[in-house]
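This is what each chain is made of:
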Amino acid sequence: MNPHTPIELVVLDMAGTTVLDDGIVEQAFQRAAERTGVATRIGWDAALQYVRDTMGQSKIDVFTHLADGDVAAAERATAQFEAAYAEIVAEQGATEIPGAADAIRALRDAGLKVWLTTGFAPVTRDALLDALGWHDLVDGVLSPVDAGRGRPAPDLVLTALLRAGASSVQAVAVAGDTVSDVQSGRRAGAGFVAGVLSGAHDAVALETADPDAVLPDVTALLGALAERGLVPALAPEPADTVSAPAVAPIAAG
């Protein structure tokens, strides 16, 4: 990381980073597996563990592996996953990671562009944005189909850079809750890459991908950038003012 390159663009993951997952991905996978039998080859437990390990990656890639390379079967399973995810969002709604929307607003108020990226197809991504009312919150959103390859490839980050008009990869910060998020940022050459602990992977897993920082959640990102001199220093929080008690003058004796 070049400490002298100011950050211009922040690329944030969705589920687990800015949007509360709360097991929805696993629920949608279970429905897709029941409808298509995609987990039959390796068994339910192994398939679920693979889904957990590959959180953040393109869902078609995940299902292609589970289907042993059968692209047609993977496409059917992916379509069922996307349909199931939309059903669950319609049933349960969608919830932001606490403070995520305010954190995004603060990043933009600091002069940064903010793009969201996801391993979901556009239909699922847009269902989340609709449920949260976030279409005007960020500068742009990307799915793997918009960029070429999904994570851990660098394509989503680099496509966001090109569309946002950032001056260099060193001017990009990336944050996500999975190993593949961190790997994607690293492979893109981003100037700052953070893992966050609000989603799928824990600190031990995230550290294997060599992030610049592991943060509790996305609300800590702007402060971490400011501490490193990558954005203008944050103004201190205004202190509560307490009126001093009036002091009566001492009369001359």
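These numbers were taken from a predicted model, which means no experiment stands behind them. (Residues numbered from 1 in each chain as written. Predicted model: local features only at pLDDT ≥ 70, side-chain atom pairs only at ≥ 80, totals over all residues. Heavy atoms only, no water.)

Asker: What should I look at first to understand the packing of aromatic side chains in this one?
Answerer: When we look at a pair of aromatic rings, we describe it by the centre distance and by the angle of the planes. This structure, assessed with the given rule, holds six aromatic pairs. When the ring of F29 is compared with that of W44, the centres are 5.3 Å apart and the planes differ by 15°; the resulting orientation is stacked. Taken as a pair, F29 in helix α1 (residues 24–36) and W44 in helix α2 (residues 44–53) lie far apart in primary sequence, 15 residues in all. Overall, the relative accessible area of 1% leaves F29 in the buried class. Classification of W44 by relative accessible area gives partly exposed; the value is 34%. Here the aromatic cluster, defined as three or more aromatic residues joined through ring pairs, consists of F29, W44, F63, F81, Y85 and F120. (Phe/Tyr/Trp six-rings, centres within 6.5 Å; stacked < 30°, edge-to-face > 60°. Helix = DSSP H or I, 4+ residues; strand = E, 2+ residues; numbered from the N terminus. Buried < 20%, exposed > 50% of the residue type's maximum accessible area, 1.4 Å probe, protein only.)

Asker: Before we go on, may I ask you to explain the nonpolar core in this structure?
Answerer: As a rule of thumb, nonpolar side chains are buried together in soluble globular proteins. By size, the foremost hydrophobic cluster in this structure holds 63 residues, and its most contacted members are V10, L12, F29, Y85, W134, F192 and L225. A total of eight residues in this core trace back to one element, the largest contributor, which is helix α4 (residues 71–92). Non-local contacts of W134, meaning those with residues more than four positions away in its chain, are made with T18, V19, E96, A100, A101, I104, L116 and L129. Counting residues in hydrophobic clusters, the runner-up holds 20 residues, among them V11, W115, V174 and A209. (Core = buried A, V, L, I, M, F, W, Y, C linked by side-chain atoms within 4.5 Å. Contact = heavy atoms within 4.5 Å.)

Asker: So what exactly am I meant to see when it comes to the environment of T117 here?
Answerer: Assignment of secondary structure puts T117 in strand β2 (residues 113–117). Using a relative accessible area of 3% as the deciding quantity, one classes T117 as buried. When neighbours within four sequence positions are excluded, T117 is seen to be in contact with V11, L12, D13, M14, L142, R151 and L156.

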